[in-house]
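Below, each chain spelled out in residue letters.
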Amino acid sequence: MRKIMTATMMLLALACNTAKDNVTTGNNLDSLAQDYVRLGLTIGKYDGDFTDAYYGPDSLKPDTVKLPQFPKDSLLAQVAGLQQKLAVFAATGMADSIQARAKWLNSQLTAFARRIRIFSGELAAFDEEAKDLFSVTAPVYSKAYYDSLLLQLGSVLPGNGSVAERFNKMASKFIIPTNKIDTIFKTAIAEARKRTLAHYNLPQGESFTLEYVTGKPWSGYNWYQGNYKSLIQVNTGIPIFIERAIDLACHEGYPGHHVYNMLLEKNLYRDKNMAEISFYPLFSPQSLIAEGSANYGIEMAFPGREQEEYVKTVLAPLAGLDTAGLSAYFAALSIKAKLAYARNEAARGLINNQLNEQQVLQWLTGYLMMPDKVAATYLNFIKKYRSYVINYNYGQDLVKQYIALKGGTEANPAKRWQLFEWLLSNEVIPSELLAQ
């Protein structure tokens, strides 16, 4: 018996020493999370598009000195070293929460490595890049698939000419006048916030600042500031159609990016002291959840025909727009939405050197009905953000499918909001979401 007790005490002492060694050598998970943040911020010193948000302590920020050359090999070695250490925590036998956290960090680091290579000029095919950056590859549809949708869209559009010409003629009636943009957006955001607050208790003191900008490759952007604050920018350099006020209000604000970032900060960073959440790398699996949930958030806040009804009764009259033909316009928009994956094909073709820039513009104007100026802006978006485009359409579909399969249907809105909140409050790997 004494031998057994002695052996047991020795094992306990060894375990305690091992745990102490892990802490002192930086191998415990919290310490690795801090190393993850330091590494991400270091990459962001060189790659200006890498860091989307950081609201953690200054102590994790690297020094401001940049090396003359991008330290690709050193950074890749640091990524590999962190992933090797994380493998211990992702192994079977660890608590589920520890495994999940380690796997999420590992998935994010895989994206770090791919972005490091992209920034250094080492490029890969579209699907390979998307898999590393966002943990999934988007489905491929043939040109015939998009042609069939164009025929369907053309059947509901009046007039003569190409489908794109007829759609843009219809849509031109519903462009928000420049002097009404601020009023319309503030009204739409207030309504989206009200509808979100009906389901969620948001952190006290949360707020956003709204700015209007031009010369950007995107239509809207949320710059999360931390402490439950956001800067929302709207690009007025391109025409803004009346339904886009609700789209952007929900996507950038409520229940989209602003709410997503707030819930992560509150539930994970502040309540659980998970340092990694304070750093948001744009090119990472986190962005597929962010963009997918933000796009699905439009349907969450304005289900069914409620967006059309709100535009017809509130926004269009406020903008001084004639509501005649608005129902036909929304019917066309519902068909046009099915063409969203054409963005992926345009980007895939450009990145894989199968389409030149002129051919990409033809895809954007022909299949997505983008006016020339908008298409040129979106071409710049593809060149800058590359495979990121899959996060909007495929991300939305993954989020919607996951929530529906778990019982969150339009017929059960309470369940849908509950599942949506879970997605916005946890570290979720898109590929695991797909598996579920």
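None of these values were measured; they are calculated from a predicted model.

(A) Summary view of the environment of T214. Structurally, T214 can be placed in the loop between β2 (207-213) and β3 (220-226). Remark: the alpha-carbon pair of T214 and V234, spanning 20 residues in sequence, is separated by 8.2 Å.

(B) Molecular detail of the pattern of salt bridges. Under the counting rule described, the total for this entry stands at 28 salt bridges. Between K61 and D58 there is a salt bridge, with its nearest N and O atoms 3.2 Å apart. You can call K61 partly exposed: its relative accessible area is 44%. Exposure remark for D58: the relative accessible area of 59% places this residue in the exposed category. Note that R270 and E265 form a salt bridge whose closest N and O atoms lie 2.7 Å from each other. For R270, a relative accessible area of 40% translates into the label partly exposed. The network of salt bridges with shared partners includes E191, K194, R195 and E306.

(C) Quick look at the packing of helix α9 (residues 242-253) against helix α11 (residues 285-301). One can describe the packing of α9 onto α11 by two numbers: an axis separation of 8 Å at closest approach and a directional angle of 125 degrees. When the interaxial angle is binned, α9 and α11 end up oblique. For the crossing formed where α9 meets α11, the hand is right-handed. Contact residues: α9 offers I246, D247, C250 and H251, while α11 offers E291, A294, N295, G297, I298 and A301. A per-class count over the contact of α9 with α11 returns five nonpolar, three polar and two charged.

(D) Structural context of the sheet that holds strand β4 (residues 229-235). In space, the three strands of this open sheet follow the order β2-β4-β3, with mixed pairing throughout. In the strand order of this sheet, the two ends are held by β2 and β3, each with one partner. The mean inter-strand angle of the sheet, taken between neighbouring strand axes irrespective of direction, is 20 degrees. As paired elements, β3 and β4 share six bridges and run antiparallel to each other. Across the sheet, Y224 pairs through a bridge with S230, a residue of β4. Its contacts with the sheet place helix α10 (residues 257-272) against β2, β3 and β4, and it is angled at close to 20 degrees to β3.

(E) Broad picture of helix α7 (residues 163-171). Taken as a whole, α7 has its buried residues at V163, A164, R166, F167, M170 and A171. One face of α7 carries all of its buried residues, which in axial projection span an arc of 165 degrees. Pointing more than 90 degrees away from the buried face of α7 are the exposed residues E165 and K169. As for α7, its buried residues are in contact with α6 (143-154), α13 (326-336) and α15 (357-366).

(F) The side chain of T196, seen in detail. Inspection of the secondary structure puts T196 in helix α8 (residues 181-197). Overall, T196 belongs to the buried group, its relative accessible area being 0%. For T196, the contacting residues outside a window of four places in its chain are Y254, P255, V259 and W417.

(G) Representation of the nonpolar core in the model. Counting residues in each nonpolar core, the largest one holds 143 residues, and the members touching the most others are F112, I242, L315, Y329, L339, Y388 and I390. Top element by residues in this core is helix α4 (residues 96-119). It accounts for nine residues. If we ignore the near neighbours within four places in the chain, the residues touching F112 are Y36, L39, G40, I43, F50, V79, F279 and P281.

Criteria and thresholds
- Residues numbered from 1 in each chain as written.
- Predicted model: local features only at pLDDT ≥ 70, side-chain atom pairs only at ≥ 80, totals over all residues.
- Heavy atoms only, no water.
- Helix = DSSP H or I, 4+ residues; strand = E, 2+ residues; numbered from the N terminus.
- Salt bridge = Lys/Arg side-chain N within 4 Å of Asp/Glu carboxyl O.
- Buried < 20%, exposed > 50% of the residue type's maximum accessible area, 1.4 Å probe, protein only.
- Axes fitted to C-alpha atoms, helices over the stretch in contact; angles between N-to-C directions.
- Parallel < 35°, antiparallel > 145°, perpendicular 65-115°, else oblique.
- Left-handed = near helix turned anticlockwise from the far one by under 90°.
- Contact = heavy atoms within 4.5 Å.
- Nonpolar A, V, L, I, M, F, W, Y, C, P; charged D, E, K, R; others polar.
- Pairing = 2+ DSSP bridges.
- Arc of directions from axis to C-beta.
- Core = buried A, V, L, I, M, F, W, Y, C linked by side-chain atoms within 4.5 Å.

Keep in mind these numbers describe shape, not what the thing actually does.
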